[in-house]
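Structure at a glance
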Amino acid sequence: MHSPRILLIGPYDPHCGEYTFLAPPLGVWRLAGVLESAGAEVRVFDPNCCGGPPSRALERELLGGAWDIIGSSTTGMTLRFDLELAHLARRMAPNALLVAGGMEATFRPELMFSLGPFDCVVLGEGERPLLELVARLRAGAPLKGVTGTAERGADGQCMRMRQQALTRPELRDAIFHTPYERMPYGAYWERLEKAYRVGALPTKAAREASLAEIRSVRLITLNYCPMGCTFCSSTNFLHEAQGSVASIARLDAEECVQMMQRIVGAHPRVRTIIFQDDIFVFTKDKRVLPLCEAIVAAKAGGALPPSLQFISTNRIDAMSAERLAAMRRAGFRVLGFGIENFSRNVLAEFNKAQIYPHIQPTLVRALELGITPFLDLILSSPRATLADVATTLREAFGWLRQGCEVGMYPYVIPFSGAAMAVDPTLKQFTVCERREVAGTDVAWDQPAKILPLEAAVREAILRIEREFEASLRRLEGCAAHLPSRVRSLIWILSSLPVMAEYGLAVADEQDVKRELATRLPQLDGASGIGASDIAMAATG
């Protein structure tokens, strides 16, 4: 019986994690495991972790034999780089079925066909469509008309054949088939340790903290987030593929522990497991307390290392005192919260007004328990005022000083599939950037940012962005890899003169510089350059 040969290509981020997690592409590896369980021969090509230039490495992979299917995973932020590899694959493997998948492909299959050399596009989860293609290859049956794909009709129009989201048992089986044993986490950790210059950190405590951050493995236990934030595309991913509202599915507590044990067995050096679910704890959550109890028991019984730590992203309005305490006992050291903004008005615009009263008490309680909250923030929204921007900057600095970590972005990115991306009232404030695919004549204008409607806010946020980028350029070569906690302080520092011109106080400049100097990586033998000198360099 013919064993189909499949090559799966992960998203390509040449900026080393700016657009993606600097970690193995988890969804691609999950697909590989499912296809291998069905008897297919599968290779994963990870352009972010290969020897030499990715195009050359892919050429070598393609020359390794005849491929029946080549799958290319796409995201909006990496699309031009993903397409570069897809066109290379088509030139070198003209007889292979070339398939696009991922977020961008699901929301914009027509764009995939106009920009890429694809034969079909997977809509939503790839497990069922690719298994069907494998079955048809074995049977010598036509590869057209597979449920869960889109293809071009004879008239050139895009035809969608929608599919239902995976059921809970199907999702569980897919997750359990993820071949963690083959995933090159060790190679990624080595790259990150060099980027962080871990060996040059002067104290054992600093080195251990960095290793806990670096030596992490990611685990997905949920199919999608149902919150419906207006700036988010992933909340609509399965709905788009299905053509209706998809049901939520996730692992139960026992299954989560089983996967943790597999991960530790596959990667004994792991320090932290990151639950990559968009939301790990719901408001009406029946899993989190039993899971925490199961983790504590597994550690006590030797099934999990006592030092194993966890990170997850959660709804802040789901964090009761009981849940926070249980998560702390289990080893959750960082809890991510998609707060997005500290203005009640902006939160309402993001469809998140309900979280506002929960922000302050939850952050206070988490810090008291020794948990580090990580706050994702968007500084402006389409209808934000200058006062809204100042509020978020001011609150962000205050919480940073109290021990929170903060990641910032200046404005909403119009990701395909997000409600804001298709809002006609925002079209004239959406800025496109010209994208070109290397090695081809393919080019297009891609929506890149949604700017505030109010002229003063728009001008202010763009000025802050320009100063931030200039500060980063001045810091290049002076410091090790700059984590989000440092970059957020640079955003705040960059905002001070701009906001002051509008009569809005954010923070004292010297206080921000001192905080920045404290948080900049301290390296042995850093050419005589101290952290305070680097902090001063950030503002020229």
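To be clear, the structure that these remarks concern was listed above.
1. Section: the environment of L516
Topologically, L516 is positioned in helix α19 (residues 509-519). As for L516 and V486, which are separated by 30 residues in sequence, their C-alpha atoms are 6.5 Å apart.

2. Some words on the packing of aromatic side chains
Enumeration according to the criterion identifies 11 aromatic pairs in this entry. When the centroid spacing of 6.2 Å and the interplanar angle of 40 degrees are considered together, the rings of Y185 and W189 count as tilted. In this pair, Y185 and W189 both sit in helix α8 (residues 185-196), 4 residues apart, roughly one turn of the helix. Comparing Y185 with W189 shows no difference in burial state: the two are buried. An angle of 70 degrees between the planes, with centres 5.0 Å apart, marks the rings of F231 and F350 as edge-to-face. Taken together, the residues span a long stretch of sequence, with F231 in the loop between β8 (216-219) and α10 (237-242) and F350 in the loop between α14 (344-349) and α15 (359-368) at a distance of 119 residues.

3. Here's the deal with the sheet that holds strand β9 (residues 272-275)
If you trace the 6 strands from one edge of the open sheet to the other, you get β8-β9-β10-β11-β12-β13, paired in parallel fashion. Each edge of the open sheet carries a strand with a single partner, namely β8 and β13 (405-409). Within the sheet, the average angular offset between the axes of one strand and its neighbour, ignoring direction, is 20 degrees. Bridge count between β8 and β9: 4 bridges; the pairing is parallel. Bridging from a neighbouring strand, L219 pairs with F275 of β9.

4. Quick word on the sheet that holds strand β4 (residues 97-102)
Strand pairing in a sheet is mediated by backbone hydrogen bonds. Such pairs are either parallel or antiparallel. Strands sit in the order β2-β1-β3-β4-β5-β6-β7 across an open sheet of 7 strands; the sheet is mixed. Both outer strands of the open sheet, β2 (41-45) and β7 (158-161), are each paired with one neighbouring strand and no more. Strand-to-strand twist across the sheet, computed as the mean angle between neighbouring axes with direction ignored, equals 20 degrees. Where strand β5 (residues 120-122) meets strand β6 (residues 149-152), 2 bridges bridge the pair, whose relative direction is antiparallel. Bridging from a neighbouring strand, V122 pairs with T149 of β6.

Conventions and cut-offs
Here the residue numbering is sequential within each chain, running from 1 through the sequence in written order. Two thresholds apply to this predicted model, a pLDDT of at least 70 for residue-level local features and 80 or more for giving and counting side-chain atom pairs, whereas whole-chain, interface and lining totals are computed over all residues. Only hydrogens and water are removed before side-chain values are computed, so all heavy atoms of the structure are retained for them. Secondary structure follows DSSP: runs of H or I at least 4 residues long count as helices, runs of E at least 2 residues long count as strands, and numbering of each begins at the N terminus. Paired rings are identified among Phe, Tyr and Trp, the last through its six-membered ring, by centres lying within 6.5 Å, and are further divided according to the angle between planes into stacked (under 30 degrees), edge-to-face (over 60) and tilted (the rest). Partly exposed residues are those whose accessible area sits between 20% and 50% of the maximum for their type, while under 20% is buried and over 50% is exposed, using a 1.4 Å probe and protein chains only. Any two strands between which DSSP finds at least two bridges are classified as paired. Angles shown run from 0 to 180 degrees and are taken between the N-to-C directions of axes, each axis being a line fitted to C-alpha atoms and, for helices, limited to the stretch in contact.

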